[in-house]
Amino acid sequence: MSKPLPTSVRTHFSALRMLLVMTVILGIAYPLLVTGISQVAFSQKANGSIVKDAGGKEIGSSLLGQNYNLPKKDPNDSKEVAQPDPKFFQPRPSAAGYDPHGSAATNLGPNSDTLLKSVNDARASIAAFDGVDPASVPADAVTSSGSGLDPHISVAYADEQVNRVAKARGVSADAVKALVSKYTEGRSLGFLGDPGVNVVLLNNAVNELK
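Below: a short report on this structure. Residues take numbers from 1 onward in each chain, read along the sequence in its written order. This being a predicted model, a pLDDT of at least 70 is required before a residue's local features are given, and a value of 80 or more before pairs of side-chain atoms are given or counted; all residues contribute to the totals for chains, interfaces and linings. With hydrogens and water set aside, each side-chain value is computed from the structure's full complement of heavy atoms.

Working definition: helices are DSSP H or I runs of at least four residues, strands are E runs of at least two. Numbering for both runs from the N terminus. Within the protein, the regular secondary structure consists of 6 helices and 5 strands. Compactness check: the protein gives a C-alpha radius of gyration of 25 Å against a globular reference of 17 Å for 210 residues, more than 25% above the reference. Each residue gets one of three labels from its accessible area relative to the maximum for its type: buried under 20%, exposed over 50%, partly exposed in between, using a 1.4 Å probe on protein chains only. In the protein, which comprises 210 residues, the share counted as buried stands at 27%. Within the protein, contacts between residues separated by at least 24 positions form 55% of all contacts whose residues are at least 6 apart in sequence. Surface accessibility follows the Shrake-Rupley procedure with a 1.4 Å probe radius. Residue values consider only the protein chains on display as shielding. On the protein, roughly 13600 Å² of surface is accessible, and the fraction owed to carbon and sulfur atoms is 60%. For a compact globule the rule gives 2.2 Å times the number of residues to the power 0.38, and the radius of gyration it is set against comes from C-alpha atoms. Any two residues whose heavy atoms approach within 4.5 Å at even a single point are treated as in contact.

This is how it looks when you write it as structure tokens:
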């Protein structure tokens, strides 16, 4: 008759079997199940909410804001500041430069002189760019989001840019305004936050205007 294994050894074998079983269930089966469900039910979101132009080219994600600037005169000049492209709706400022690897806010408080100067300078610049009174420039046009990656702007900021975009593209302001309305999203869950406009989706649609 074989001698039974010591209790400590049996305990270790039981723990090992449990580890293997849970690894298969939670490390393989569950991820495959969740991935399968997400691909079937939410394939667009599961794959990054990629936005494509009319030609099928990927131009970004509807979840991440991006810059819409004119090309630099000298791409190798790090001191040259890229200028916004008047043909596109401009997003809100980003402390991270819309880099997903460096998502961050400015960390400047309301009593910061640096923040105040930045906001005032941005307000004057945006007012001149859009051809409006500085007093009418919305707050989100001159302040960055907490993540630095927010693709949304307020309806007020979108409306402010309609005439400038229409003029730069040689299309009617009504056509551009209709797209702003189309890509305006309501409050989250119907009551959280304010309505906003997804700049990435809006600019993709504006780019197709003839």
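Still to come is the rest of the account.
To form a nonpolar core, buried Ala, Val, Leu, Ile, Met, Phe, Trp, Tyr and Cys residues must be joined to one another through side-chain atoms within 4.5 Å. Residues Phe 89, Val 176, Val 180, Val 197 and Leu 202 are the most contacted members of the largest nonpolar core, which totals 27 residues. Counting only elements with at least two residues in this core, the list comes to α3 (113-130), α4 (155-169), α5 (173-182) and α6 (199-206). Not counting residues within four places of it along the chain, the set of residues in contact with Val 176 comprises Phe 89, Val 162, Val 165, Ala 166, Val 171 and Leu 209.

Let us look at the side chain of Asn 203. The topology assignment puts Asn 203 in helix α6. Within polar-contact distance, the side chain of Asn 203 engages the backbone nitrogen of Phe 89 at 2.8 Å. Apart from the residues lying within four places of it in its own chain, the contact partners of Asn 203 are Tyr 68, Phe 88 and Phe 89. Identification of polar contacts relies on pairs of N or O atoms within 3.5 Å, with a donor-acceptor requirement for protein atoms, meaning one able to donate a hydrogen and the other able to accept it, and with residues adjacent in sequence counted only if both atoms are side-chain atoms.

This part is about the packing of α3 against α4. Look at α3 against α4: their axes get within 9 Å of each other, and the N-to-C directions meet at 45 degrees. In this view, α3 runs oblique relative to α4, as classed from their interaxial angle. Of the residues in α4, those in contact with Ile 126, Phe 129 and Asp 130 of α3 are Tyr 157, Glu 160, Gln 161 and Arg 164. To get an axis, fit a line to the C-alpha atoms, keeping to the stretch in contact for a helix; angles then go from 0 to 180 degrees between the N-to-C directions. Should an angle fall under 35 degrees it is taken as roughly parallel, and over 145 as roughly antiparallel, whereas 65 to 115 is taken as roughly perpendicular and any remaining angle as oblique.

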